[in-house]
Amino acid sequence: MIRSELVDKIAAENPHLYQRDVELIVATIFDEIIEAMANGDRVELRGFGSFSVKKREARVGRNPRTGESVQVEEKFVPFFKTGKLLRDRLNGG
């Protein structure tokens, strides 16, 4: 499912809301999640999962084409851990 499909589904299930309002709501939710993660905060949606940021330390990597060693700088990566309800539902529980 992509963002526009999510907006369409929410709008269809809530006919009292205008499409543009639903788009604004969805955009605001995603923006707030992104902003919280950019600040290093954890975002938890009960039953769905939690978003957090993990730090990857600097390391020496390899160029797969040449085999040459390259220095890879430290970086922060997004991490998602599923909630129990989502995990159970995916596994037929």
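Now for a look at the structure at hand. (Residues numbered from 1 in each chain as written. Predicted model: local features only at pLDDT ≥ 70, side-chain atom pairs only at ≥ 80, totals over all residues. Heavy atoms only, no water.)

### Some words on the pairing of strand β3 (residues 59–62)
Pairing analysis gives four bridges linking β3 to strand β4 (residues 69–72), with the strands arranged antiparallel. For Val 60, the partnering residue across the bridge sits in β4 and is Gln 71. (Pairing = 2+ DSSP bridges. Helix = DSSP H or I, 4+ residues; strand = E, 2+ residues; numbered from the N terminus.)

### Digging into the packing of aromatic side chains
Evaluated as defined, the whole model comprises two aromatic pairs. Judged by centre distance (5.4 Å) and plane angle (50°), the rings of Phe 48 and Phe 80 are tilted. Of this pair, Phe 48 sits in the loop between β1 (43–45) and β2 (49–56) while Phe 80 is found in strand β5 (residues 75–82), placing the two residues 32 residues apart along the sequence. Classification of Phe 80 by relative accessible area gives partly exposed; the value is 32%. Ring-pair connections join several aromatic residues into one group, and the members of that group are Phe 48, Phe 51 and Phe 80. Directly above the aromatic system of Phe 79 lies the positively charged group of Lys 54, at a separation of 4.1 Å from the ring centroid. (Phe/Tyr/Trp six-rings, centres within 6.5 Å; stacked < 30°, edge-to-face > 60°. Buried < 20%, exposed > 50% of the residue type's maximum accessible area, 1.4 Å probe, protein only. Lys NZ or Arg CZ within 6 Å of the ring centre and 35° of its normal.)

### Re the side chain of Ser 52
As for its position among the elements, Ser 52 is in strand β2. Among the residues examined, Ser 52 registers a relative accessible area of 16% and is labelled buried. Not counting chain neighbours up to four residues away, the residues in contact with Ser 52 comprise Met 37, Arg 42, Val 77, Pro 78 and Phe 79. (Contact = heavy atoms within 4.5 Å.)

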